[in-house]
Amino acid sequence: MRIAVFGANGPTGRHLTDQALAAGHDVVAVTRRPGSLPSGRPGLTVAVADATDPAAVADAVAGTDAVLSALGTRFSKETITTYSASATAITGAMARHGVTRLLAISSSIADPDWRPTGAHFFNHVLDPLVNRRLGRTLHEDMRRMEDVIRRTDLDWTLVRPSGLFEHPGVTDYRTAGTSADGVFTARSDLAASMLRELEERRYVRMAMGVITTAVKPNIAKLIWQEGVKKK
Ligand SMILES: NC(=O)c1ccc[n+]([C@@H]2O[C@H](COP(=O)([O-])OP(=O)(O)OC[C@H]3O[C@@H](n4cnc5c(N)ncnc54)[C@H](OP(=O)(O)O)[C@@H]3O)[C@@H](O)[C@H]2O)c1
């Protein structure tokens, strides 16, 4: 397959690109910063586009068989539009070029009923403070993105991981409709679940939760990597 990966330069996008190339797919890696991506890899084409620019997105999507979005942005007090504006540009480009399969990363938070079992500190302290207060405007726009995508005739899957962490390889993970019960998802597993769903089509026109079951992140390392180093 020829796959467009949006957010190819981001941490999940890199796993997606690497795993898709390793599986023998051709990848169009869409990024605003082409210099940050290694060039000259067999099967890899780099397309420069802001994902909210309809014309640039249409050029990147033309001739592909599927689109995977690992786009994201940081928490902000201000209104965020990256998710919904990019979803509008991407779905419009797909309709224009007859590309029908879309997998877009959202979050478990987009499921209002998601409350991982046995995670008291998370459910009562971290989730209200971090996700629902500091991340309020981001998650509002993620929900707008989900609405934009749901309204299309495309074969979409909304991919909902929980707290992301770095792990070098693919481990054991679980997927479930709507959202999955658990607090953490390794980016390597998130990428693997999306490529698998591309082949298996178990969650077409549905949300798919993804949770890593084999490993848990070291919390101090997680705070350092996701909260301090990534800024
Ligand atoms: N962190 C968590 O615990 C968590 C939990 C659930 C879901 N998620 C979601 O999972 C997704 C992936 O997260 P991640 O941490 O792997 O990636 P990320 O750090 O959010 O990076 C996403 C990528 O999106 C690109 N991007 C943003 N706006 C763009 C635009 N207008 N045009 C083109 N590219 C643009 C960025 O490109 P540049 O390099 O050019 O800036 C970046 O490479 C995100 O949507 C995130 O919200 C995260």
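Scroll up for the structure.
Residues numbered from 1 in each chain as written. Predicted model: local features only at pLDDT ≥ 70, side-chain atom pairs only at ≥ 80, totals over all residues. Heavy atoms only, no water.

K.L.:
Explain unusual backbone geometry to me, please; I cannot follow it from the model alone.
P.N.:
Negative phi characterises most residues that are not glycine, and trans characterises most peptide bonds. Look at Thr178: it is not a glycine, yet its phi comes out positive at around 75 degrees. Positionally, Thr178 belongs in the loop between strand S8 (173-177) and strand S9 (184-186). Look at Arg205: it is not a glycine, yet its phi comes out positive at around 60 degrees. The topology assignment puts Arg205 in the loop between helix H6 (187-200) and strand S10 (206-212). (Helix = DSSP H or I, 4+ residues; strand = E, 2+ residues; numbered from the N terminus.)

K.L.:
Got a minute to help me understand the packing of helix H4 (residues 120-134) against helix H5 (residues 136-150) in this structure?
P.N.:
For any two helices packed against each other, the geometry comes down to the angle between their axes and how far apart the axes lie. The geometry of H4 relative to H5 is characterised by a closest axis approach of 5 Å and an angle of 65 degrees between their N-to-C directions. Of the residues in H5, those in contact with Asn131, Arg132, Arg133 and Leu134 of H4 are Arg136, His139 and Arg143. Classifying every residue of the contact of H4 with H5 by side-chain character gives one nonpolar, two polar and four charged. (Axes fitted to C-alpha atoms, helices over the stretch in contact; angles between N-to-C directions. Contact = heavy atoms within 4.5 Å. Nonpolar A, V, L, I, M, F, W, Y, C, P; charged D, E, K, R; others polar.)

K.L.:
Could you clarify how one ought to interpret the sheet that holds S10 in this entry?
P.N.:
Strand pairing in a sheet relies on backbone hydrogen bonds. The paired strands run either parallel or antiparallel. If you trace the eight strands from one edge of the open sheet to the other, you get S3-S2-S1-S4-S5-S6-S10-S8, paired in mixed fashion. Only two strands of the sheet have a single partner each, and these edge strands are strand S3 (44-48) and S8. Averaged over all neighbouring strand pairs, the angle between strand axes comes to 20 degrees, with direction disregarded. Of the strand pairs in this sheet, strand S4 (residues 66-69) and strand S5 (residues 101-105) are connected by four bridges, and their pairing is parallel. Along S5, the bridge assignment pairs Ala66 with Arg101. (Pairing = 2+ DSSP bridges.)

K.L.:
In this structure, what is going on with the nonpolar core? I would like to understand it.
P.N.:
Counting residues in each nonpolar core, the largest one holds 33 residues, and the members touching the most others are Phe6, Val61, Val67, Ile90, Met94 and Ile149. Of the residues forming this core, the biggest block, six residues, is contributed by helix H3 (residues 82-97). Within the second largest apolar cluster, 26 residues are counted, among which are Leu68, Tyr173, Leu195 and Val210. (Core = buried A, V, L, I, M, F, W, Y, C linked by side-chain atoms within 4.5 Å. Buried < 20%, exposed > 50% of the residue type's maximum accessible area, 1.4 Å probe, protein only.)

K.L.:
Quick question: what am I supposed to make of H3 here?
P.N.:
The periodicity of an α-helix, 3.6 residues per turn, causes residues three or four places apart in sequence to face the same way. Relative to the 22 Å expected for 16 residues at 1.5 Å per residue, H3 spans 22 Å between its end C-alpha atoms, a close match to the ideal helical length. Those residues of H3 that sit buried are Tyr83, Ser84, Ser86, Ala87, Ala89, Ile90, Thr91, Ala93 and Met94. Residues of H3 that are buried in the fold lie against strand S1 (2-6), helix H2 (54-61), S4, S5 and H5. Just downstream of H3 lies Gly98, where phi reads positive at about 70 degrees. (Expected span 1.5 Å × (residues − 1).)

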